[in-house]
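# Architecture and fold: a report
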Amino acid sequence: MKGFAVRGKLEYIKKQGKKAFIPYIMAGDPSLDETAKRLKLLHEAGADLIELGVPFTDPLADGPTIQRAAERALNSGTTLRKIISFLHDFKGSIDTPIILMTYLNPVFCYGIEKFFHDASEANVAGVIFPDLTVEESDSYRDFAKAYGIDTIFLVAPTSTPQRVKKVVRSSTGFVYYVSITGITGTELRLESTFNEHINFVKSFGKPVCVGFGVSTPQEAKYVAKFADGVIVGSAIVKIFHEAPERAYEFIKSLREAV
Amino acid sequence: MGKKRGYFGEYGGCFVPETLMPALEELERAFQRAKRDKNFNAEFESLLKDYVGRPTPLYFARRLTEHLGGAKIYLKREDLAHTGAHKINNALGQALLASRLMKKQRIIAETGAGQHGVATATGAALAGLSCDIYMGTEDIRRQKLNVFRMNLLGARVIPVDTGSKTLKDAINEALRDWTTNVRTTHYVLGTVFGPHPYPLLVRYFQSVIGREAKKQIIQKEGKLPEVLIACVGGGSNSIGLFSAFLDDKDVKMIGVEAGGKGIDTGLHAARFAGGAKGIFQGCLSYVLENKDGNILQTHSVSAGLDYASVGPEHAYLKDTGRVTYTYATDEEALQSFELLSRLEGIIPALESAHAVALAVKIAPKMPKDSVVIVNLSGRGDKDVQEVARIKGISL
Ligand SMILES: Cc1ncc(COP(=O)(O)O)c(C=O)c1O
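These numbers were taken from a predicted model, which means no experiment stands behind them. (Residues numbered from 1 in each chain as written. Chains lettered and ligands numbered in written order. Predicted model: local features only at pLDDT ≥ 70, side-chain atom pairs only at ≥ 80, totals over all residues. Heavy atoms only, no water.)

### Focus on the overall build of chain A
For clarity, the threshold we go by: Only runs of H or I of at least four residues qualify as helices and only runs of E of at least two qualify as strands under DSSP, and these elements are numbered from the N terminus. With the radius of gyration taken over C-alpha atoms, the globule rule is written as 2.2 Å times the number of residues to the power 0.38. Classification of residues uses two cut-offs on accessible area relative to the type maximum, computed with a 1.4 Å probe and protein chains only: under 20% is buried, over 50% is exposed, and between them is partly exposed. Contact criterion: two residues are considered in contact whenever any of their non-hydrogen atoms come within 4.5 Å of each other. Areas reported here follow the Shrake-Rupley algorithm with a probe of radius 1.4 Å; residue values treat only the protein chains shown as occluding. Positive residues here are Lys and Arg, negative ones are Asp and Glu, while His and the chain termini are left out of the count. To locate a charge, the coordinates of NZ of Lys, CZ of Arg, CG of Asp or CD of Glu are taken.
Secondary structure assignment for chain A yields twelve helices and eight strands. For a compact globule of 258 residues, the expected C-alpha radius of gyration is about 18 Å, and chain A comes in at 17 Å, within 12% of that figure. With the C-alpha coordinates of chain A rotated into their principal frame, the extents come out at 45 × 40 × 35 Å. Buried positions account for 60% of the 258 residues belonging to chain A. Long-range contacts, defined here as pairs at least 24 residues apart, represent 71% of the contacts in chain A between residues at least 6 apart. Carbon and sulfur atoms provide 50% of the accessible area of chain A, an area that totals close to 10,000 Å². Separation between the mean location of the 31 positive side-chain charges and that of the 30 negative ones in chain A comes to 5 Å.

### Re the UniProt feature "modified residue: N6-(pyridoxal phosphate)lysine" (unreviewed entry) in chain B
All names here are of chain B. The cut-off we apply is this: UniProt positions are given in the numbering used here, feature names are shortened, and annotations may be inferred rather than shown by experiment.
UniProt records the feature "modified residue: N6-(pyridoxal phosphate)lysine" (unreviewed entry) at Lys-87, using the numbering of this structure. Here Lys-87 shows up in helix H4 (residues 87–101). In this structure Lys-87 comes out as buried when scored by relative accessible area, which is 18%. Ignoring sequence-local partners within four residues, the contact set of Lys-87 consists of Gln-115, His-116, Ala-119, Gly-190, Thr-191, Gln-206 and Ser-236.

### Some words on the packing of helix H4 (residues 80–90) of chain A against helix H6 (residues 112–121) of chain A
All names here are of chain A. The condition that has to hold: Here an axis means a line fitted to C-alpha atoms, over the contact stretch when the element is a helix, while the angle between two N-to-C directions is reported on a 0 to 180 degree scale. Here the word oblique covers every angle except those under 35 degrees (roughly parallel), over 145 (roughly antiparallel) and from 65 to 115 (roughly perpendicular).
Direction vectors running N to C along H4 and H6 enclose 30°, while the axes themselves pass 8 Å from each other. On the basis of the axis angle, H4 is roughly parallel to H6. On H6, the residues that touch Leu-80, Ile-84 and His-88 of H4 are Phe-115, Asp-118, Ala-119 and Glu-121.

### A look at the packing of aromatic side chains
Cut-off, in case you're wondering: For this analysis, a ring pair means two rings from Phe, Tyr or Trp (six-membered ring only for Trp) whose centres lie within 6.5 Å, classed as stacked if their planes differ by under 30 degrees, edge-to-face if by over 60, and tilted for the remaining angles. Distance and angle both matter: a charge sits over a ring if NZ of Lys or CZ of Arg is within 6 Å of the ring centre and within 35 degrees of the ring normal.
Here the structure, examined in full by the defined rule, presents 25 aromatic pairs over all chains. Aromatic side chains Phe-60 of chain B and Tyr-74 of chain B sit 5.2 Å apart centroid to centroid with 45° between the ring planes, which places their arrangement in the tilted category. Here Tyr-74 of chain B lies in strand E4 (residues 72–77) and Phe-60 of chain B lies in strand E3 (residues 58–60), a separation of 14 residues in the sequence. Take Phe-60 of chain B and Tyr-74 of chain B: they sit in the same class, and that class is buried. Three or more aromatic residues link up through ring pairs in this structure, and these residues are Tyr-110, Phe-115, Phe-116, Phe-129 and Tyr-140 of chain A. Lys-35 of chain B extends its terminal NZ or CZ atom over the ring of Phe-31 of chain B, reaching a point 4.6 Å from the ring centre. Taking NZ or CZ as reference, Arg-77 of chain B lies 5.9 Å from the ring centre of Tyr-59 of chain B, over its face.

### Describing the sheet that holds strand E8 (residues 185–187) of chain B
Residue and element names in this part refer to chain B. Selection criterion: When DSSP finds at least two bridges between two strands, those strands are taken to pair.
The strand order E7-E6-E5-E8 describes an open sheet built from four strands, whose pairing is parallel. Of all strands in the sheet, those bounded by a partner on one side alone are strand E7 (156–160) and E8. When the angles between neighbouring strand axes are averaged without regard to direction, this sheet yields 25°. Against the sheet, helix H5 (residues 115–127) touches strand E5 (106–111) and strand E6 (130–136), its axis set at about 165° to E5.

### Looking at the interface of chain A and chain B
Stated precisely, the cut-off is as follows: Buried area: the accessible area, evaluated with a 1.4 Å probe, that two parts lose upon being put together, summed over both parts. Any carboxyl oxygen of Asp or Glu within 4 Å of a side-chain nitrogen of Lys or Arg constitutes a salt bridge here. Polar contacts, as counted here, are pairs of nitrogen or oxygen atoms within 3.5 Å of one another; within protein the pair requires one atom able to donate a hydrogen and one able to accept it, and residues that are adjacent in sequence qualify only if both atoms are side-chain atoms. Amino acids are sorted into nonpolar (Ala, Val, Leu, Ile, Met, Phe, Trp, Tyr, Cys and Pro), charged (Asp, Glu, Lys and Arg) and polar (every other residue, Gly among them).
On the side of chain B, 35 residues touch chain A, which itself brings 37 residues to the contact. At the boundary of chain A with chain B, total buried surface from both sides reaches about 3,000 Å², with 52% on carbon and sulfur atoms. Looking only at chain A, the three residues that lose the most surface to chain B are Asp-58, Leu-60 and Glu-136 of chain A, adding up to 21% of its buried area. Across the pair Lys-168 of chain B and Asp-58 of chain A runs a salt bridge, and its minimum N-O distance is 2.8 Å. Across the contact surface, chain A and chain B share 22 residue pairs in polar contact (both at pLDDT 80 or more). In terms of residue class, the side of chain A that touches chain B is built from 19 nonpolar, ten polar and eight charged.

### Section: the confidence of the model for chain B
In plain terms, the rule: pLDDT is a residue-level measure of predictor confidence that goes from 0 to 100.
Taken over all residues, the pLDDT of chain B has a mean of 97, while the share at 70 or more is 99%. This prediction of the complex comes with two scores: 0.97 for pTM and 0.96 for ipTM.

### A look at the sheet that holds strand E2 (residues 11–15) of chain B
Residues and elements named next belong to chain B. With antiparallel pairing, the four strands of this open sheet are ordered in space as E1-E2-E12-E11. Taken across any chain shown, the strands that pair with only one partner, and hence form the sheet edges, are strand E1 (7–8) and strand E11 (276–280). One ladder, built from two bridges, connects E1 with E2; its direction is antiparallel. The partner of Phe-8 across the bridge, within E2, is Tyr-11. Against the sheet, helix H13 (residues 312–320) makes contact with E1, E2 and strand E12 (282–287), and its axis sits at roughly 45° relative to E12, the strand it touches most.

### Concerning the site of the ligand
Residues and elements named next belong to chain B. What counts is decided by this rule: In these notes, residues near a molecule or strand are those with any non-hydrogen atom within 4 Å of it.
Close contacts around the ligand come from 18 residues, with Thr-191, Gly-233, Gly-235, Ser-236 and Ser-377 the closest. Between the ligand and the protein, one listed contact pairs an oxygen atom with a side-chain N or O atom of Thr-191 at 2.6 Å. In isolation the ligand offers 390 Å² of accessible surface; the protein chains occlude 98% of this area. Among the residues forming the shell around the ligand, the class breakdown is five nonpolar, eleven polar and two charged.

### Comments concerning the UniProt feature "active site" (unreviewed entry) in chain A
Residue and element names in this part refer to chain A. According to UniProt, the "active site" (unreviewed entry) feature falls on Glu-51 and Asp-62. As for its position among the elements, Glu-51 is in strand E2 (residues 50–53). With near-sequence residues (within four places) excluded, Glu-51 lies in contact with Ile-22, Pro-23, Tyr-24, Ile-25, Ile-99, Met-101, Ile-128, Tyr-176 and Ile-231. Tracing the sequence through the fold places Asp-62 in the loop between E2 and helix H3 (64–75).

### Section: the packing of H4 of chain B against helix H9 (residues 198–206) of chain B
The description of two helices packed together rests on the angle between their axes and the distance between the axes. Residue and element names in this part refer to chain B. Heads up, the condition is: By definition, turning the near helix anticlockwise from the far helix through less than a right angle yields a left-handed crossing, and turning it clockwise yields a right-handed one.
Relative to each other, H4 and H9 sit at 115°, their axes nearing to 8 Å. Classified by the interaxial angle, the pair formed by H4 and H9 is roughly perpendicular. Crossing handedness for the pair H4 and H9: right-handed. Touching Lys-87, Asn-89, Asn-90, Gly-93, Gln-94 and Leu-97 of H4 are Tyr-198, Leu-201, Val-202, Phe-205 and Gln-206, all from H9. Residue composition of the contact of H4 with H9, grouped by class: five nonpolar, five polar and one charged.

Right, dumping it as structure tokens:
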């Protein structure tokens, strides 16, 4: 399958001999008004794609930084419904494709088809569901395809060759290579088999982007050598929260490192 | 079982980060092997007998029966199992599986009431594994005695201070730990919940309760019981009891959830009375959630029933009507806690007191020759301090 806007953007970047820079922020942290400003800032700092987190009460794949961001967002009343309507209004403000990252239950409660329909109307380019295994993904992928939204599945260092094949096959946007065996925000310590494993994932010909634990320009630069793109989450969430005045500069330095 | 692997009708499945999937596949293979492995089963059964003290008695509660003036009430005495609750059956089974068939060096677990933590720490000590237990700080407060027991048994208790500081948050942390250490660590999930194959695996180890009860009641009464009652947290003691009787159409089964301060107060953990379908912590089942899919806080006087979701097989049994689900409030559980203590000299766990509370309600309306089995899932030693606190008595 060729894929939609996410895949298109990655192929465009690749043709120019570049690597994609994909920052992550949490929608509604601390408010959706602020999210609009941050999305524009990320665009100006040179983001190729943006991952937008949907807050959830029990984010079991995330470390403390993103957990706390989700709490702040929930406290400000942010819901999937509001995020989609926010994106609807935001449409056209920036041309960077937006990928929604959400745990499954908000989508399940929203209604799976309705979610893909509304997300597509709001210009959502791709989706990542950290707790959706490829085995359970049939209906989600069918709707994603019907509404022109890219699906992005995760490969972990523990994934066996058979599982890698299934994950790659199910991903239309890119394959999200989780750099570490662990949760978001953990210190980046690549396993000795990282090289070999990511090359195996790349051998199927789909774009592969790496995330989890990348927090400095040096790390981003290193990881970019192996991947088509680099995803930075916790470090960006953290700087926006703790020192927003330095965020632009920091994001720019990541962009340049990639 | 539904047609799809790991499903009970539309419930169940496997919804976890990819990092864990290879471990769940490994666990499923080990489980399939364990079921067929004569040595494994022989060792497990011999431990159940000589270490756990099985079979646990099926006790005729004469004074309670006379007091209620209706059906004959039998108590399945899981409170007499080693460490004081049914949790030991599953924890030992999984500790054996981890050390013998999967060659893991470390096990982790979550615990609410502390009984599963104590049981897992016990299994770890017996199998020579290192052991960390995640527990919400609210539950640590309520179950101090069990925290001390876990420490004595050589386990580390890791406090969890996020969210509601209870069982669901402990499960999140255990899953995060497992995601990080999955190569060396086995996660001993404490109930018939979570991603496939846990609901089936835990059911397998707990089914001994129902098999024994069936044999025992036939010996004592020469017939099957009219009604089975068990409390439902995640649902393991109840599935353990019910599983042997599911095909016996005339046996009525009732699962009792935590009604807390009442359903309309929102302070409860009655998923079937107040919840909806949702995907949470690894499976699709009934969940206490808001319309946006976020998980609601729960409340119960008993830490072991204080959980936002329920095992997927129960969701299926509810929809098919095979099992009826109701709830008992904190107040009713506390009354039954005292009633059973005074009438029978048995202090039940607050969890089990929910099941007793329902017997108190229905037995008087039943004929005198009818038989009710109540699963006494655990003993109440762990709850004595908390009950004293609620009653305003300082110990
Ligand atoms: C004594 C006792 N009964 C019941 C439960 C509830 O769990 P389940 O529904 O899995 O039996 C617990 C859980 O901690 C418990 O300790």
